[in-house]
Amino acid sequence: MTDSKNNFKKLSIQVSLNGLSFCVLDTISKKIEMVDQVTFKTELTPYLLLKELKATIEKHNLTGVDFNEVVVLHRNNLFSLVPKALFDPEELANYLKFNAKILATDQIVYDQVPNQDIICVYVPFTNINNYLLNLFGAFEFKHSSLAVIQTLLAESKQQKTCYVHVTPKTLEICVIEHKQLKLYNQFDYLSKEDFLYYILFTYEQLGLDTEKVPCHLFGSIDTADENFILTEKYIKHIYLAEPENTAYELDVHQKNAIDLTLLGSI
């Protein structure tokens, strides 16, 4: 028998080879009921990622919950953004082969970036999808970049701005002007010099003035972080500014445990 008290709950899960996170939202009260985030010490394989996801779901007793909606976000570098005018659904592999190593057996899918004439072509973690399909039934899945872009577009003003979402090993850089996406990309970094290089490279390639165009950093970073200290020497208007999401009530623990990608998916 279906437990009716669970029918208004939404589960959002983000998976990557470097970690995973999830949250449970009560869609009636708009409160986050549960949240957890796991960071792996080393990059895992898709097989080991699935084992970690199973352990996390069992730990929080999510297997018996009848969720009204389940959304899964796949965070990886197996993606490419394609202008809609140039997009052909018969050429999916060609959009990825120059940017990522793909296999003949990989499933390639695509979604449109909301309110933009841009298509995201990507490879999801098929083993994760298969497991969750068996566990929860039909669900929505998409690349994590869509959640990041959608949140930043909603937050952005008319001014040209560079946004940098920081995780322990990855930068997501997004440039927006007049509510239009100018660039989104992911970069892996090992040092503070790598961190700075990718930001300055983005400024250079897009012709952004480091004296005028602001840079908003958020995620796993604060003003005492060596990455912030080095970057503020080269970017005049640099800020720590976590995008707001006033639709949901978060306590202190939840704010520390949840990231932009999950908030953008709920």
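A short note on the pattern of salt bridges
One side chain can pair with another of opposite charge once the charged atoms of both are near each other. Per the stated rule, a full pass over the model turns up 7 salt bridges. As a salt-bridge pair, K9 and E33 come within 2.7 Å of each other at their nearest N and O atoms. Taken together, the positions of K9 in strand β1 (residues 9–16) and E33 in strand β3 (residues 31–39) put the pair 24 residues apart, joining distant regions of the chain. R75 is the salt-bridge partner of E172, the closest N and O atoms lying 3.1 Å from each other. You can see E172 sitting in strand β10 (residues 170–177) and its partner R75 sitting in the loop between β4 (69–74) and β5 (79–83), a full 97 residues away along the chain. Grouping residues by exposure puts E172 and R75 together as buried.

Comments concerning the side chain of S145
Inspection of the secondary structure assignment puts S145 in helix α4 (residues 144–155). Aside from chain neighbours lying at most four places away, what touches S145 is C120 and Y184.

Some points on the pairing of strand β2 (residues 19–26)
Burial analysis of β2 places 8 of its 8 residues in the buried class, which makes it a mostly covered element. Covered by surrounding structure in β2 are G19, S21, C23 and L25 together with L20, F22, V24 and D26, the residues of both alternating faces. Bridge analysis of β1 against β2 gives 8 bridges, and the strand direction is antiparallel. Among the inter-strand pairings, S16 is bridged to a residue of β2, identified as G19. Here β1 hands over to β2 after 2 residues, the two strands then running antiparallel side by side. Both β2 and β3 contribute to a ladder of 8 bridges, which runs antiparallel. By the bridge assignment, G19 is partnered in β3 with T39. In sequence, β2 turns back onto β3 through a hairpin of 4 residues, with K30 there showing a positive phi of about 60 degrees.

A short note on the environment of H60
Along the chain, the position of H60 falls in the loop between α1 (46–59) and β4. Along the chain, H60 and M34 lie 26 residues apart, while their C-alpha atoms are 8.9 Å from each other. Those residues in contact with H60, other than ones at most four positions away along the chain, are F22, M34 and D36.

Some thoughts on unusual backbone geometry
A positive phi angle, near 60 degrees, is found at K30, a position not held by glycine. With respect to the helices, strands and loops of the structure, K30 is situated in the loop between β2 and β3. The exposure class of K30 is partly exposed, given its relative accessible area of 38%. Phi is positive for N115, close to 60 degrees, though the residue is something other than glycine. Turning to its location among the elements, N115 is positioned in the loop between β6 (109–112) and β7 (118–122). The class of N115 is exposed, set by a relative accessible area of 76%.

A word on the nonpolar core
Counting residues in each nonpolar core, the largest one holds 22 residues, and the members touching the most others are L11, V15, L53, I128 and L132. Sequence-distant contacts of L132, defined by excluding residues within four places in its chain, comprise I13, L53, I57, V72, G137 and F139. V164, Y203, V213 and L217 belong to the second largest nonpolar core, which has 19 residues in total.

Section: the sheet that holds strand β12 (residues 215–219)
Sheet architecture is open: 5 strands sit in the order β11-β10-β9-β12-β13, paired in mixed fashion. With partners counted over all chains shown, the strands left at the sheet margins are β11 (180–188) and β13 (238–240), one partner each. The average undirected angle you get between the axes of adjacent strands in this sheet is 20 degrees. Pairing of strand β9 (residues 161–166) with β12, which is carried by 5 bridges, proceeds in the parallel orientation. Along β12, the bridge assignment pairs V166 with G219.

Each value, and the rule that gives it
- Residues numbered from 1 in each chain as written.
- Predicted model: local features only at pLDDT ≥ 70, side-chain atom pairs only at ≥ 80, totals over all residues.
- Heavy atoms only, no water.
- Salt bridge = Lys/Arg side-chain N within 4 Å of Asp/Glu carboxyl O.
- Helix = DSSP H or I, 4+ residues; strand = E, 2+ residues; numbered from the N terminus.
- Buried < 20%, exposed > 50% of the residue type's maximum accessible area, 1.4 Å probe, protein only.
- Contact = heavy atoms within 4.5 Å.
- Pairing = 2+ DSSP bridges.
- Core = buried A, V, L, I, M, F, W, Y, C linked by side-chain atoms within 4.5 Å.
- Axes fitted to C-alpha atoms, helices over the stretch in contact; angles between N-to-C directions.

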